[in-house]
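Close look at the chain arrangement
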Amino acid sequence: IAEVNGRHIDLQLYNNALRDAQQRQRTHAGGAPPNREDQQALENAVLENLIQGILLQDEYRKRGITVSDDEIQSAALNSPPPEVQNIPEFQTEGRFDLDKYRRYLNSRQDPTFLLALEARYRDEIPQAKLLDQLVADVYLPDARLWQGYQDQHGSATIRRVTFVPD
């Protein structure tokens, strides 16, 4: 259905992605059927995400950005996603318990959860590395930063006094 940088997005890939997006939408919307406008917006968003994924993969390859298994493991153990932190099984006295979460990961009870977590970090870590590379070159001298701060936060009070000498 589309071609991006010589790579094809075939109908089966698109339909699978669309089906997944529709399922997520049903889960969040409580099963309410979407109207035609919502369905069209979802279809466009799915195609846009597939295109963006190809473009990002090309950029990672061009910049030599890779993700190691150790990076994924470290991220999974030390930086759980926000929605995982809200799961009651990982709570102690109403607060997220990192030790419970780590024990759960190490027990390998739920391979589906582990695969989903791995897929998430395989997607997020390269994006973070790309962002780091893009903003690493941004540098402003101290004088320019100070001037910007003064422009935003500085103020002056002016009083006018009329003086007529006789």
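Scope of this entry: the structure provided in the associated data block. On a predicted model such as this, the values are computed, not experimentally measured, just so you know. (Residues numbered from 1 in each chain as written. Predicted model: local features only at pLDDT ≥ 70, side-chain atom pairs only at ≥ 80, totals over all residues. Heavy atoms only, no water.)

Attention now goes to the packing of aromatic side chains. Aromatic ring pairs: the centre-centre distance and the angle between the two ring planes describe each pair. For the structure on display, the rule yields five aromatic pairs. Between Phe-90 and Tyr-104, the aromatic rings sit 5.2 Å apart at their centres with planes inclined by 65 degrees, giving edge-to-face as the arrangement. Here Phe-90 is found in the loop between α4 (82-85) and β3 (91-92), whereas its partner Tyr-104 is found in helix α5 (residues 98-107), with 14 residues between them in sequence. Phe-90 gets classed as buried once you look at its relative accessible area, which sits at 2%. Residues Trp-146 and Tyr-149 carry aromatic rings whose centres are separated by 5.7 Å and whose planes lie at 20 degrees to one another, so their mutual orientation is stacked. Linking Trp-146 with Tyr-149, this pair stays in helix α7 (residues 142-153), spanning three residues, or about one helical turn. On the basis of relative accessible area, Tyr-149 is assigned to the partly exposed category, the value being 45%. Linked through ring pairs, Phe-90, Phe-96, Tyr-101, Tyr-104 and Phe-113 together constitute an aromatic cluster. (Phe/Tyr/Trp six-rings, centres within 6.5 Å; stacked < 30°, edge-to-face > 60°. Helix = DSSP H or I, 4+ residues; strand = E, 2+ residues; numbered from the N terminus. Buried < 20%, exposed > 50% of the residue type's maximum accessible area, 1.4 Å probe, protein only.)

This brings us to helix α2 (residues 36-63). Here α2 is 28 residues long and its end C-alpha atoms lie 40 Å apart, about the 40 Å a rise of 1.5 Å per residue gives. Those residues of α2 that sit buried are Gln-39, Leu-42, Glu-43, Val-46, Leu-50, Ile-54, Leu-56, Asp-58 and Tyr-60. On its buried face, α2 is in contact with β1 (2-4), β2 (7-9), α1 (11-29) and α6 (111-136). Phi turns positive one or two residues past the end of α2, at Gly-64, with a value near 75 degrees. (Expected span 1.5 Å × (residues − 1). Contact = heavy atoms within 4.5 Å.)

One number sums up the size of the largest pocket: a volume of about 510 Å³. For the lining of the largest pocket, the secondary structure elements donating two or more residues are α1, α2 and α6. With eleven residues, the top contributor of residues to the lining of the largest pocket is α2. By residue class, the composition of the lining of the largest pocket is nine nonpolar, five polar and four charged. In terms of lining residues, the second largest pocket is bounded by 13 residues, among which Ile-72, Gln-73, Ala-76, Arg-108 and Leu-114 are the most central. Contributing elements (two or more residues each) for the lining of the second largest pocket: α3 (69-78), α5 and α6. Taken together, the residues of the lining of the second largest pocket break down into seven nonpolar, two polar and four charged. (1 Å grid on protein atoms, 1.4 Å probe; cavity = no way out; pocket = protein on both sides within 12 Å on 5 of 7 lines; lining within 4 Å. Points joined across faces, edges and corners; volume = space filled by probe spheres on them. Nonpolar A, V, L, I, M, F, W, Y, C, P; charged D, E, K, R; others polar.)

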